[in-house]
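Topology and contacts: notes
Each chain is listed here by its residues.
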Amino acid sequence: MAAAPTLLALGAIGLWATLATLGVTLSHVPPFLLTGGALLVGSVVALPLSRLDLRQWRVPAGTLLLGVYGLFGYHFLLFTALAHAPPVQANLVNYLWPLLMVVLAPLFLRGVRLRLRHVASALIGFAGAALVILGGRGASGGLSAGLAWGYLPAAGAAFVWASYSLLTQRVRAFPTAAIGLFALVSGLLSLLCHALLEPAVRLSARDLGLIALMGLGPLGAAFFLWDAALKRGDARHIGILSFLTPLLSTLLLVTVRGESPAPSVWLAGALIIGAAVVGTRAR
């Protein structure tokens, strides 16, 4: 895998790794309000990227619908899942999306073939992601609480993000700056969901600052880096790298809390990094 798309993908993954820490800090803010505000801030990132040329936001209606499907659809389904299923397990189901990116690539992209090494690496990466998310709690921390219907939207969220990531390479080429329009429309839809589904709250200056930080990073610049990586790189390799997200997210969260990572986290890291090294060398 070429260095440039690898670095772009790792940049997006690194920013997404901060989302859990920011989310915990802002856990008192209703999810759709948080997402809507952050996405609106994130859309501003497109302005310097396009050198204030909003003509780069002009995309066909189908491309705009695809962008809203990805950014809004993913978060809508994920928040629905987290509200109706145990959060840890729902998040694990959600992290099927890197695996789906790998195995669905030949179905969505012309000229892409799936090798056994890609599939094996993706499965090992998912095993590592499962280990870091479940924290080595085994069956007692797994699905023993019952199959809540919230797992369905979690699976839907995984499919939406994987398919969005692949389909952006099928539509007519568009400037990465156009992601700003996707974020703007998705942010407005999220705020509409907040108005219809969530209670009104008063935000402090600190809350607004952290929401802005989230919008500039994991719900802003990360989307632009992700799009640029997919335009330049191999979706199968990028999907395998994406298993680093829950690992880095967990490490950052425990570091901020002043805790020591559990042994299972280090084992998960070895699995994920090994899968990434092997998978990204496959042609």
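The text that follows walks through the structure, step by step, so that each part is easy to find. (Residues numbered from 1 in each chain as written. Predicted model: local features only at pLDDT ≥ 70, side-chain atom pairs only at ≥ 80, totals over all residues. Heavy atoms only, no water.)

**A closer look at the nonpolar core**
Here is a general trend for soluble globular proteins: nonpolar side chains tend to be buried in one another's company. Let me state the cut-off plainly: The definition of a nonpolar core used throughout is a set of buried Ala, Val, Leu, Ile, Met, Phe, Trp, Tyr and Cys residues joined through side-chain atoms within 4.5 Å. Each residue is assigned to one of three classes by its accessible area relative to the maximum for its type, calculated with a 1.4 Å probe on protein chains only: buried under 20%, partly exposed between the two thresholds, exposed over 50%. Helix numbering and strand numbering both begin at the N terminus, where a helix is a DSSP run of H or I of at least 4 residues and a strand a DSSP run of E of at least 2. Contact definition: two residues touch when any of their heavy atoms are within 4.5 Å.
In this structure, Trp-16, Leu-71, Trp-97, Trp-161, Phe-223 and Trp-226 are the most contacted members of the largest nonpolar core, which totals 72 residues. Considering each element in turn, this core owes the most residues, 11 residues, to helix 11 (residues 205-232). Each residue touching Trp-16, except ones within four places of it in the same chain, is listed here: Trp-97, Trp-161, Pro-218, Ala-222, Phe-223, Trp-226 and Thr-245. With six residues, the next largest nonpolar core counts Ala-81, Ala-85, Val-93 and Tyr-151 among its residues.

**Let's talk about a nonpolar patch on the surface**
Convention followed: To count toward a patch, a residue needs a relative accessible area above 30% and no salt bridge. Like charges then connect within 9 Å, nonpolar side chains (Val, Leu, Ile, Met, Phe, Trp, Tyr) within 5 Å. In this description, accessible areas are obtained by the Shrake-Rupley approach with a 1.4 Å probe, and a residue is regarded as covered only by the protein chains that are shown. What makes a salt bridge here is a side-chain nitrogen of Lys or Arg within 4 Å of a carboxyl oxygen of Asp or Glu, nothing more.
On the surface, Phe-76, Leu-192, Leu-196 and Leu-197 cluster together into a nonpolar patch covering about 420 Å² of accessible area. Examining the composition of the nonpolar patch, we find that three residues originate from one element, helix 10 (residues 179-197), more than from any other. Looking at the secondary structure, you find Leu-196 in helix 10. Residue classification places Leu-196 among the exposed positions, given a relative accessible area of 66%.

**Some thoughts on the side chain of His-75**
Among the secondary structure elements, His-75 is positioned in helix 5 (residues 61-84). Apart from residues lying up to four places away in sequence, His-75 is in contact with Thr-35, Leu-219 and Phe-223.

**Concerning the side chain of Thr-35**
As for its placement among the helices and strands, Thr-35 is situated in helix 3 (residues 31-44). Setting aside residues no more than four positions away along its own chain, Thr-35 makes contact with His-75, Phe-79, Ser-190 and Leu-219.

**Description of the packing of helix 5 against helix 9 (residues 151-167)**
Selection criterion: Angles here are taken between N-to-C directions and fall from 0 to 180 degrees, while the axes themselves are lines fitted to C-alpha atoms, restricted in helices to the stretch in contact. Between 65 and 115 degrees an angle is taken as roughly perpendicular, under 35 as roughly parallel, over 145 as roughly antiparallel, and anywhere else as oblique. Put simply, a crossing is left-handed when the front helix is turned counterclockwise from the back one by less than a right angle, and right-handed when it is turned clockwise. Residue type decides the class: Asp, Glu, Lys and Arg count as charged, Ala, Val, Leu, Ile, Met, Phe, Trp, Tyr, Cys and Pro as nonpolar, and the leftover types, Gly among them, as polar.
Where helix 5 meets helix 9, the closest approach of the two axes is 8 Å, and the angle between their N-to-C directions is 160°. The orientation of helix 5 with respect to helix 9, classified from their angle, is roughly antiparallel. Viewed along their axes, helix 5 and helix 9 form a crossing whose handedness is left-handed. Where helix 5 approaches helix 9, its residues Leu-66, Gly-67, Tyr-69, Gly-70, Leu-71, Gly-73, Tyr-74, Leu-77, Leu-78, Thr-80 and Ala-81 are matched on the opposing element by Pro-153, Ala-154, Gly-156, Ala-157, Phe-159, Val-160, Trp-161, Ser-163, Tyr-164 and Leu-167. Residues of the contact of helix 5 with helix 9, tallied by class, amount to 15 nonpolar, six polar and no charged.

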